[in-house]
Amino acid sequence: MITRKHFSPAKTLVALSVTALLTACGGNDNDFSNVQVPEPTPPPTPEPAPEPIQAFDPDGTLSADIRWTTYGVPHVTADNLESMAYGVGFAFARDNLCVLADQIVKYNSERSKYFGPDQVPGSGDSAHLINDFGYLTVGIRELAEENLPRLSANARAMFQGYTAGYNKYLNETPVSEQDQSCAGQPWVTNIDSVDLLTYSLGVALLPGAANFLGPMFLAAPEGKSYLPTPAESAPAALTANLKITPSVTLPEKNPQEMGSNGWGLGSDKTTNGKGMVLGNPHFPHTGNLRFWNFHAQVPGHLNVTGSSLMGLPGAVNIGFNENVAWTHTFSTAEHFVVYQLTLDENDASGMTHIVDGNRRTIYEKPMQIDVAVAPGQTIKLNKTAYYTNYGPIIEVPGNFDWNSSNVFAIKDANLPNLDIVDHWLAMNMATSMDEFKQAFKDYDGVIFNNTMAASSDGQVFYIDDSTVPNLTETAIEQLTTNPLLIQTKAVAGFTVLPGHISQFDFDGPVPYEEAPKYEGTDSVQNSNDSYWLTNLSSPISVPNPMYGNEDYQQTLRSRMGQKFIETEAGSDNTFTPQEVESLLLNNRSYLAEEILDDLLALCAAQGATPVNVNGVDVDISGACAALEDWDGTMNIASTGAHVFREFAFQFNQAPQWEVPFSLESPVTTPTGLLQNDTTLMQIAKAVQVIEQAGVAFDAPFGDVQFVERSLPNGTASGERLPWGGAHNIEGGFNVFNIVTGNNGTMLPRHTYSPLSGTIMSAEAKGYHINYGTSWAMVINFTDEGPQGRGILTYSQSRKFGSEHFDDQTRLYSEQPTLRDIYFTEEDINANTIEQVSLSSD
């Protein structure tokens, strides 16, 4: 029962005063008729909510206008996202049909069907079997089929439009006019939204599970074989010579060496007080990670330009709109965890593991693929994969074994990542820095990237919102204090956690609030070190070790970037876009600026006296003379630049710093060169490399470093373009490299094998560049809107013979430079070289 008490409070002084006042005014005789009552103010009419961008074409007939400007950049305009993506897909296919066709085969687990079981035919390397069974193991095709209907309308419209545009180009372009690297091949077929989503889900695994396809292939319980078996229908004569002898080792964290530089400069650091962005991704020039430049417009909703990795259906990865510019760099963060599972000792089959004292089943997953074994003949191979509540089981003999006690499984935070299109589209459409940040609060689709951004009003923003496992406090505490876990990570190169306790599991990625970030009006930067020194005046610290290290020695490239920002602004301590472009392309060497004087002093002291290297006398005087004449840059006219690079390769193996690294000076130490016998030996070994390659010490750098394209059949074109640009090894900023391994595709290309311990090739007599600065841009906001310059160093099209196969490559070769980016209607119309109106009718 509830008892209610009633009170009769005494009148307050205020109430008594009001009563007295009314009495004094004559009681109720005064009706206040002399008081003017104001007219009521009508409530303000709310502004109508903006109409959302239209996803699908309302009548099902897709239409887009495409204007190509100089250097083959398409500007696509349409009334809705589906039609916009339709135009983008068509324009992309015209330039890069073969690359995407190849990747669809790869992620649909059909490499073996068209190319046989091996990367090197008959070798038994089983690379294609590993690829095909691997992507079936992680199940990206199944996930695409299951989740496509659940995507947002915007994402579905873009997938649908892009594939329709790609198919239009493929079906309406004569085979003779397509890229002859793949034209007419049976694997070049129409694609649909499931194919493209499968590809997208596969790309998201590049920094994680995709590197463990080999260990997944080897996984099998004790007493069982991992080897695939022919289906019953496979003729014995076709399977008898099938050789499966893969070599599987511990995966590398970043096998394709993806890297970049990125700056966001705010109102405190720019001459005009508005935002500026430098974007400089370092990616492969061939293969599946090529950027492509385009401009997408849906009037009233979307106006964005920049570059994207292939297959992103209409959204820009790195670029700008009227309000915000942004770029990305490859993050140091981890995106997966390997779990060590404790097997149930009472299950002799090895198919049960324990979590929190409870038994968990290890599931079998049957798979089947087609394998080409002779011209026009295929067989079917069956294989079993093994799955746990964490993910697929992996096995690396001697390191991660499936034995009677333990087994290992990988859990990838990007499996699946269904936010990719929506996340970048939200960035592309942001009308302010607040809306740009909101994209990161709403989505987790940037997969493996840091983000640096600047807005038209001079704000800057940094975040590492790459997809990082959201570990529990218990797991983080153990990862940072448990010596065994710390040591295991140091040896393996990735995090390994106990799987028998659920507190070590994670559920989804780290939320926005806990990701490393910085916002202000000064500057943000990253050159592939961790988040720690994004802003030198305000170091960032987070408790989660999955994001990378703090309080550690920075790379030479990071130190060069910091030096540029901190000490090389203009006289007023601010930057103009011209100054930033000059810093990007000056091709200086941080290592040389730190130690060249000391190195020359050591040379002078040694003179003509030979240096003994393993019993061989080496004369270093010629190399030292070349260094004396070197201008300190890696430009095409620089003589002796390669001598210092080869010294840097030797120095890197045993750095002889005079002053060690200090936390009090994290971007200026270590420094100075010890002038000792080790350093002399390093000069001498560099001389041996250069002599072995047959290169003169005083050769101009443009004679030593070059770009040479492949013909459609993969042989060398024979035309070598001189190439200015530095390398990480000598502390360059605008860096290039040589990657001779698999570039992620089956498309033929040529490479030259380098000598041991360097990138110099004796066969090439120099450096054959096929990696590094790809899409470079400097964007500055002005009172008239954004203004930018950029370049795609390997050009828009990989189609040999196209006007845009090497036009930007030749521009860069002459002298490293950027070219104007056309964004306004006036500029686009003034520079249009071709125009097409597409329709799906």
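For clarity, every value in this text was computed on a predicted model and none was experimentally measured.

About the cut-offs
- Residues numbered from 1 in each chain as written.
- Predicted model: local features only at pLDDT ≥ 70, side-chain atom pairs only at ≥ 80, totals over all residues.
- Heavy atoms only, no water.
- Phe/Tyr/Trp six-rings, centres within 6.5 Å; stacked < 30°, edge-to-face > 60°.
- Helix = DSSP H or I, 4+ residues; strand = E, 2+ residues; numbered from the N terminus.
- Buried < 20%, exposed > 50% of the residue type's maximum accessible area, 1.4 Å probe, protein only.
- pLDDT = per-residue confidence, 0-100.
- Contact = heavy atoms within 4.5 Å.
- Pairing = 2+ DSSP bridges.
- Axes fitted to C-alpha atoms, helices over the stretch in contact; angles between N-to-C directions.
- Parallel < 35°, antiparallel > 145°, perpendicular 65-115°, else oblique.
- Nonpolar A, V, L, I, M, F, W, Y, C, P; charged D, E, K, R; others polar.
- Core = buried A, V, L, I, M, F, W, Y, C linked by side-chain atoms within 4.5 Å.
- Salt bridge = Lys/Arg side-chain N within 4 Å of Asp/Glu carboxyl O.

Peer 1: I tried to follow the packing of aromatic side chains on my own but got confused; where do I start?
Peer 2: Aromatic ring pairs are described here by two measures, namely the spacing of the ring centres and the angle between the planes. Applying the stated rule across the entire model yields 36 aromatic pairs. Measuring from centroid to centroid gives 5.2 Å for Tyr386 and Trp402, while their planes differ by 90°, and the two rings are edge-to-face. Remark: Trp402 occurs in the loop between strand 15 (393–394) and strand 16 (406–412) and Tyr386 occurs in strand 14 (residues 377–387); sequence separation between them is 16 residues. Trp402 matches Tyr386 in its accessibility class, with the two residues each being buried. Every member of this aromatic cluster is reached through a ring pair, and the members are Phe212, Phe336, Phe400, Phe408 and Phe494.

Peer 1: Explain the confidence of the model for the protein here, please?
Peer 2: Low pLDDT means the predicted coordinates in that region are not meant to be read closely. When the pLDDT values of the protein are averaged, the result is 94; 95% of them are 70 or greater. Across residues 1–28, where pLDDT falls below 50, the model places 3 contacts with residues more than four positions away in sequence or in other chains.

Peer 1: Any chance you could explain the pairing of strand 7 (residues 302–309) here in plain terms?
Peer 2: Of all the 8 residues making up strand 7, 8 are buried; the element is thus mostly covered by neighbouring parts of the structure. Here strand 7 shows no split at all, with Leu302, Val304, Gly306 and Ser308 on one side and Asn303, Thr305, Ser307 and Leu309 on the other all buried. Sheet topology places strand 6 (residues 291–298) next to strand 7; 8 bridges connect them, and they run antiparallel. Bridge pairing in strand 7 places Trp292 opposite Ser308. Bridge analysis of strand 7 against strand 8 (residues 318–320) gives 3 bridges, and the strand direction is antiparallel. Note on strand 8: the bridge partner recorded for Ser307 is Ile318.

Peer 1: For this particular structure, what's the right way to read helix 21 (residues 807–814)?
Peer 2: For an α-helix the count is 3.6 residues per turn, leaving residues at separations of three or four pointing the same way. Helix 21 sits mainly inside the fold: 6 of its 8 residues count as buried. Buried within helix 21 are the following residues: Asp807, Gln808, Thr809, Leu811, Tyr812 and Ser813. Buried residues along helix 21 sit against helix 15 (577–585), strand 28 (705–707), strand 29 (721–722), strand 30 (736–737), strand 34 (785–792) and strand 35 (819–821).

Peer 1: Where do I start with the packing of helix 6 (residues 153–172) against helix 10 (residues 420–428) in this structure?
Peer 2: Packed helix pairs are characterised by how far apart their axes lie and by the angle those axes make with each other. The interhelical angle for the contact between helix 6 and helix 10, taken along N-to-C directions, is 100°, at an axis separation of 9 Å. By the angle between their directions, the pair helix 6 and helix 10 is classed as roughly perpendicular. Contact residues: Asn154, Ala155, Met158 and Phe159 in helix 6; Val421, Asp422 and Leu425 in helix 10. Tallied by class, residues from the contact of helix 6 with helix 10 come to 5 nonpolar, 1 polar and 1 charged.

Peer 1: What's the story with the sheet that holds strand 28 in this structure? I'm lost.
Peer 2: Sheets are built from strands paired through backbone hydrogen bonds, the pairs being either parallel or antiparallel. Pairing is mixed across the open sheet formed by 3 strands, whose spatial order is 29-28-31. At either margin of the open sheet sits one strand with a lone partner, and together these are strand 29 and strand 31 (767–768). Here strand 28 runs beside strand 31; their pairing, made up of 2 bridges, is parallel. Residue pairing in the sheet places Phe706 in a bridge with His768 of strand 31.

Peer 1: When you look at the nonpolar core in this model, what are you seeing that I'm missing?
Peer 2: In summary, soluble globular proteins display a tendency toward joint burial of nonpolar side chains. Counting 167 residues, the largest nonpolar core has Leu100, Val338, Phe436 and Leu471 as the members making the most contacts within it. Apart from the residues lying within four places of it in its own chain, the contact partners of Phe436 are Val324, Trp326, Met427, Ala430, Thr451, Ala453 and Phe461. Within the second largest apolar cluster, 73 residues are counted, among which are Ala592, Cys603, Val613 and Ile690.

Peer 1: For this particular structure, what's the right way to read the pattern of salt bridges?
Peer 2: Should their charged atoms come close, side chains of opposite charge can pair. Per the counting criterion, the structure on display carries 26 salt bridges. Across the pair Arg141 and Glu145 runs a salt bridge, and its minimum N-O distance is 3.3 Å. Linking Arg141 with Glu145, this pair stays in helix 5 (residues 140–147), spanning 4 residues, or about one helical turn. For Glu145, a relative accessible area of 44% corresponds to the partly exposed category. Lys168 serves as the salt-bridge partner of Glu172, at 3.0 Å between the closest nitrogen and oxygen. Residue Glu172 and its partner Lys168 are both found in helix 6; the two are separated by 4 residues, about one turn of the helix. Residue Glu172 is classed as exposed on the basis of its relative accessible area, which comes to 54%. Here the residues in one salt-bridge network are Lys563, Glu568, Arg588 and Glu593, joined through shared partners.

Peer 1: Whenever I open this one, the environment of Pro754 confuses me. Can you help?
Peer 2: On the secondary structure map, Pro754 appears in the loop between strand 30 and strand 31. According to the relative accessible area criterion, Pro754 is partly exposed, its value standing at 34%. The sequence separation of Pro754 and His423 amounts to 331 residues, and the corresponding C-alpha distance is 40 Å. Not counting residues up to four positions away in its chain, the partners in contact with Pro754 are Thr740, Ile759, Met760 and Ser761.

Peer 1: Please clarify how the sheet that holds strand 22 (residues 517–520) should be interpreted in this entry.
Peer 2: One open sheet holds the 10 strands; their spatial order is 22-18-17-9-8-7-6-2-1-36, and the pairing between them is mixed. The outermost strands of the open sheet, each flanked by one partner alone, are strand 22 and strand 36 (832–839). Sheet twist, expressed as the average angle between the axes of neighbouring strands with direction ignored, equals 15°. As defined by bridge partners, strand 8 adjoins strand 9 (residues 324–330) across 2 bridges and the pair is classed as antiparallel. By the bridge assignment for strand 9, Phe320 is matched with Ala325.

Peer 1: Explain the packing of helix 2 (residues 81–107) against helix 7 (residues 193–203) here, please?
Peer 2: The N-to-C vectors of helix 2 and helix 7 enclose an angle of 80°; their axes lie 9 Å apart at closest approach. Classified by the angle between their axes, helix 2 and helix 7 sit roughly perpendicular to one another. Taken together, the residues of helix 7 that come into contact with helix 2 (itself represented by Leu100, Gln103, Ile104 and Tyr107) are Asp195, Leu196, Thr198, Tyr199, Gly202 and Val203. Classifying every residue of the contact of helix 2 with helix 7 gives 6 nonpolar, 3 polar and 1 charged.

Peer 1: Could you clarify how one ought to interpret helix 15 in this entry?
Peer 2: Of all the residues in helix 15, the buried ones are Val580, Glu581, Leu583, Leu584 and Leu585. Looking at the buried positions of helix 15, the neighbouring elements they touch are strand 4 (259–265), strand 5 (276–284), helix 14 (556–567), strand 33 (775–782), strand 34 and helix 21. Looking one or two places after helix 15, you find Asn587, whose phi comes out positive at around 60°.

Peer 1: Honestly, the pairing of strand 11 (residues 352–355) in this entry has me stumped. Any pointers?
Peer 2: Put simply, side chains in a regular strand alternate between the two faces of the sheet. Here strand 11 shows two buried faces, one formed by Thr352 and Ile354 and the other by His353 and Val355. Here strand 10 (residues 336–343) runs beside strand 11; their pairing, made up of 2 bridges, is antiparallel. Considered in strand 11, the bridge of Leu343 is made with His353. In this sheet, strand 12 (residues 358–361) lies alongside strand 11 in antiparallel orientation, the contact comprising 4 bridges. What sits directly across from Ile354, in strand 12, is Arg359. Between strand 11 and strand 12, which follow one another and run antiparallel, lie 2 residues, and Asp356 among them has a positive phi close to 55°.

Peer 1: Please explain the side chain of His423 as it appears in this structure.
Peer 2: With respect to the secondary-structure elements, His423 resides in helix 10. On the basis of relative accessible area, His423 is assigned to the buried category, the value being 0%. Once residues within four sequence positions are removed from consideration, His423 is found in contact with Ala439, Phe440, Tyr443, Asp444, Gly445, Val446 and Asp465.

Peer 1: I would appreciate a short explanation of unusual backbone geometry in the present structure.
Peer 2: Most peptide bonds are trans, and most residues other than glycine sit at a negative phi. Following Leu415, the chain continues to Pro416 via a peptide bond in cis, the omega torsion being -5°. Structurally, Pro416 can be placed in the loop between strand 16 and helix 10. Going from Thr669 to Pro670, the amide bond is cis rather than trans, its omega being 0°. Inspection of the secondary structure assignment puts Pro670 in the loop between strand 26 (657–659) and strand 27 (671–673). Unusually for a residue other than glycine, Asn528 sits at a positive phi of about 80°.

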